[in-house]
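Residue-level structure breakdown
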Amino acid sequence: MIVLSILALLALGVRWGNNCIQTDTYSFASPGLPAAFEGFRVVQLSDLHGKQFGENNARLLAAVEAAKPDLIALTGDLVDVKSTVDDVVPLIEGLVELAPVYYVTGNHEWASGQAQRMVETLRGLGVHCLENEFEPIERGGQTILIAGVHDPNGRADQKTPEQLSAELHAAYDNPYWLLLAHRNNLFSGGYCRLGASLTLCGHAHGGVWRLPFTDGLIDTEMRLFPSFTSGFYQCTDENCPRAWVFVSRGLGNTPRGGFRLFNHPQVAVITLKSN
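For every chain, the first residue of the written sequence is number 1, and numbering continues from 1 onward in sequence order. Residue-level local features of this predicted model are given only where pLDDT is at least 70; pairs of side-chain atoms are given and counted only at 80 or more, and the full residue set underlies all totals for whole chains, interfaces and linings. Only hydrogens and water are removed before side-chain values are computed, so all heavy atoms of the structure are retained for them.

1. Regarding the overall build of the protein chain
Each helix and strand counted, the protein chain has 6 helices and 12 strands in total. Relative to the 2.2 N^0.38 estimate, which gives 19 Å for 275 residues, the radius of gyration of the protein chain is 18 Å and therefore close to what a compact globule would have. The contact criterion used is simple: two residues touch if any of their non-hydrogen atoms lie within 4.5 Å. Residue pairs in contact within the protein chain that sit at least 24 positions apart in sequence constitute 70% of those at least 6 positions apart. Where accessible areas are quoted, they stem from the Shrake-Rupley method and a 1.4 Å probe; at the residue level, only the protein chains shown are allowed to cover. Entry remark: accessible area of the protein chain is about 12400 Å², with carbon and sulfur atoms responsible for 55%. Secondary structure elements follow DSSP: runs of H or I no shorter than four residues count as helices, runs of E no shorter than two count as strands, and numbering proceeds from the N terminus. Atoms counted for the radius of gyration: C-alpha only. Globule rule: 2.2 Å times the number of residues to the power 0.38.

2. Concerning the nonpolar core
Residues Leu45, Leu60, Leu74, Leu78, Leu95, Tyr103 and Val267 are the most contacted members of the largest nonpolar core, which totals 30 residues. At the level of elements, strand S2 (41-45), helix H2 (58-66), strand S3 (71-75), helix H3 (85-95), strand S4 (101-104), helix H5 (115-124) and strand S12 (266-273) are the ones that each hand at least two residues to this core. Here, nonpolar core means buried Ala, Val, Leu, Ile, Met, Phe, Trp, Tyr and Cys residues that are tied together by side-chain atoms lying within 4.5 Å of each other. Using a 1.4 Å probe on the protein chains alone, a residue whose accessible area is under 20% of its type maximum counts as buried, one over 50% counts as exposed, and one in between counts as partly exposed.

3. Let's talk about the sheet that holds S4
What makes two strands pair is DSSP finding at least two bridges between them. A sheet is described by the order of its strands in space; here 6 strands give the open sequence S1-S12-S2-S3-S4-S5, paired in mixed fashion. In this open sheet, the two edge strands, each paired with only one partner strand, are strand S1 (22-29) and strand S5 (128-129). Two strands pair when backbone bridges link them, and S4 and S5 are joined in this way by 2 bridges, in the parallel orientation. Residue pairing for S5: Tyr102 is matched across the bridge by His128.

4. A word on helix H6 (residues 161-171)
Taken residue by residue, H6 has Leu164, Ser165 and Leu168 as its buried positions. The buried residues of H6 all sit within an arc of 95 degrees when viewed along its axis, so they share a single face. On its buried face, H6 is in contact with strand S6 (133-139), strand S7 (142-148) and strand S8 (177-183). By arc we mean the arc of the directions from the helix axis to the C-beta atoms, nothing more.

5. Quick notes on the packing of H3 against H5
The N-to-C vectors of H3 and H5 enclose an angle of 25 degrees; their axes lie 11 Å apart at closest approach. Judged on the interaxial angle alone, H5 and H3 are roughly parallel. Like other packed secondary-structure pairs, H3 and H5 cross with a definite hand, here right-handed. Across from Val85, Asp86, Val88, Val89 and Ile92 in H3, the residues of H5 making contact are Arg117, Met118, Thr121 and Leu122. All residues other than Ala, Val, Leu, Ile, Met, Phe, Trp, Tyr, Cys, Pro, Asp, Glu, Lys and Arg, Gly among them, are scored as polar; the first ten of these are nonpolar and the last four charged. Taken together, the residues that form the contact of H3 with H5 break down as 6 nonpolar, 1 polar and 2 charged. Geometry is summarised by axes, namely lines fitted to C-alpha atoms with helices restricted to the contacting stretch, and by angles between N-to-C directions that run from 0 to 180 degrees. Reported orientations rely on four angle classes, namely roughly parallel under 35 degrees, roughly antiparallel over 145, roughly perpendicular from 65 to 115, and oblique for the rest. Crossing handedness follows the turn of the near helix against the far one: under a right angle anticlockwise gives a left-handed crossing, and clockwise gives a right-handed one.

6. So, the sheet that holds strand S11 (residues 244-247)
An order of S6-S7-S8-S9-S11-S10 is seen for the 6 strands of this open sheet, with the pairing classed as mixed. The two strands at the open ends of the sheet, each matched to only one other strand, are S6 and strand S10 (231-234). Shown here is a sheet whose adjacent strand axes are inclined to one another by a mean of 25 degrees, direction ignored. Of the pairings in the sheet, the one linking S8 to strand S9 (residues 198-202) comprises 4 bridges and is parallel in character. Paired with Leu178 across the two strands is Leu198, which belongs to S9.

7. Quick word on the side chain of His205
For His205, the position within the fold is in the loop between S9 and S10. Leaving out residues up to four positions away in the same chain, His205 has contacts with Asp47, His49, Thr220, Arg249, Gly252, Asn253, Thr254, Arg260 and Asn263.

8. Let's talk about the packing of H2 against H3
Running from N to C, H2 and H3 point in directions that differ by 20 degrees, and their axes come no closer than 10 Å. The pairing of H2 with H3 is recorded here as roughly parallel in orientation. When the axes of H2 and H3 are compared, the crossing they make is right-handed. For the pair formed by H2 and H3, the contact residues are Leu60, Leu61 and Val64 on the first element and Pro90, Leu91, Gly94 and Leu95 on the second. Its residues assigned to classes, the contact of H2 with H3 comprises 6 nonpolar, 1 polar and no charged.

9. So, the pairing of S7
Counted residue by residue, S7 has 5 buried out of 7 residues, so it is predominantly covered. Pairing analysis gives 7 bridges linking S6 to S7, with the strands arranged antiparallel. Residue pairing in the sheet places Phe134 in a bridge with Ala147 of S7. Two successive antiparallel strands, S6 and S7, enclose a turn made up of 2 residues, where Gly140 displays a positive phi of approximately 55 degrees. Pairing analysis gives 4 bridges linking S7 to S8, with the strands arranged parallel.

Written as structure tokens, this is what we have:
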């Protein structure tokens, strides 16, 4: 009975840890931020994998609303092979009522064959779907840019991140810009070279099991001791040492199973500052 009681408590703890949303607040300071965007709040959601936090994701919507976003960034893997586009429609309908929503695809939208329908559906709901393109955001007569790249699982003839960056810098002189890109493992040596002021990624699921003195125990490919899994990281590439990425821990779990440990589903709130 004692053993069964301990196992039951552990099971309840894991269940609670996988369903209790944690809102984490951060600040990102950069001298290039236009003054009108001082205090601009970006809420990032990633790697939902079709998970429901209450009916029609009511608890998740409440957490985002409480964060008072100026912009909501969705960095891929809203669905996978065990979920469908229809599963996330109520969530998206709620999010677009709170703030402008920007979305990029993840590997699971493509692997499950739902990427194109996802883009079409979200666009119909008022979401800005960034398919290797960028858009200006204006506030108080000043402008920043937001860009997004498809996951590499996308079409073989799609525009490259390098082409997107070149077009952006040709159109704007020394811009402040945010880059949405699903895969955290493509930042160092890859996305970091594009010149974004800040890149927002997901994909890592926070290292799945977050044990003490680690950056997560395993990644989504079941490799041990991953890096770039949660929070801010500065690029390790000597060619772009000032590049920064923020990696969301995400919200759901991979379709192959498994569970989070000491790793609550995350709503990340990033406040932009000039210094």
